[in-house]
Amino acid sequence: MQQQNMNFQSQQQGIMQTPPSVVSTKDSLYLTDMLSWNLLAMKKAHFFAGQCQDPELKAEIEKCGQMHQRHYEKILTHLNSPQNQAYTGMQ
């Protein structure tokens, strides 16, 4: 019963159990936006950390920039995975 309840909840929330084999134009544009947002946040954090005089605040801003860099790289890793390369070769 609990398993059915969890499946029902995931279907209501639109959570996919497996990724689709094709990325829609809308999804592609959203992925591009996510990459752009993370890259911009990374650049801004680097700039502001360089302007900061307080070492404690500077360290926190650098951590923020590193977090955005990890997110950017994680998205690229998913997009460049061998599974995705197989789909692009089919076109």
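Look up a bit, the structure's there.
First, a word on what this report is: a plain description of the structure on this page. Just so we're clear, the structure is a prediction, and the values are computed from it rather than from any experiment. (Residues numbered from 1 in each chain as written. Predicted model: local features only at pLDDT ≥ 70, side-chain atom pairs only at ≥ 80, totals over all residues. Heavy atoms only, no water.)

Digging into the packing of helix H2 (residues 25-51) against helix H3 (residues 55-79)
Following both chains from N to C, one finds H2 and H3 inclined at 155°, their axes separated by 8 Å at the closest point. On the basis of their axis angle, the class for H2 and H3 is roughly antiparallel. Note that H2 runs across H3; the crossing there is left-handed. Residue-level inspection shows Leu-31, Met-34, Leu-35, Asn-38, Leu-39, Ala-41, Met-42, Ala-45, Phe-48 and Ala-49 of H2 in contact with H3, the latter providing Lys-58, Ile-61, Glu-62, Gly-65, His-68, Gln-69, His-71, Tyr-72, Ile-75, Leu-76 and Leu-79. Of the residues contributing to the contact of H2 with H3, the split by class is 14 nonpolar, 5 polar and 2 charged. (Axes fitted to C-alpha atoms, helices over the stretch in contact; angles between N-to-C directions. Helix = DSSP H or I, 4+ residues; strand = E, 2+ residues; numbered from the N terminus. Parallel < 35°, antiparallel > 145°, perpendicular 65-115°, else oblique. Left-handed = near helix turned anticlockwise from the far one by under 90°. Contact = heavy atoms within 4.5 Å. Nonpolar A, V, L, I, M, F, W, Y, C, P; charged D, E, K, R; others polar.)

Side note on the pattern of salt bridges
Going through the model one piece at a time under the given rule, you end up with 1 salt bridge. Residue Glu-60 pairs with Lys-63 through a salt bridge whose shortest N-O separation is 3.6 Å. Here Glu-60 pairs with Lys-63, and both are found in helix H3, just 3 residues apart, close to one helical turn. Classification of Glu-60 as partly exposed rests on a relative accessible area of 44%. Judged by relative accessible area, Lys-63 falls into the partly exposed class, the value being 49%. (Salt bridge = Lys/Arg side-chain N within 4 Å of Asp/Glu carboxyl O. Buried < 20%, exposed > 50% of the residue type's maximum accessible area, 1.4 Å probe, protein only.)

Regarding the side chain of Ser-81
Note on placement: Ser-81 falls in the loop between H3 and helix H4 (82-90). A polar side-chain atom of Ser-81 sits 3.2 Å from the main-chain carbonyl oxygen of His-78. (Polar contact = N/O pair within 3.5 Å; in protein donor to acceptor, adjacent residues only side chain to side chain.)

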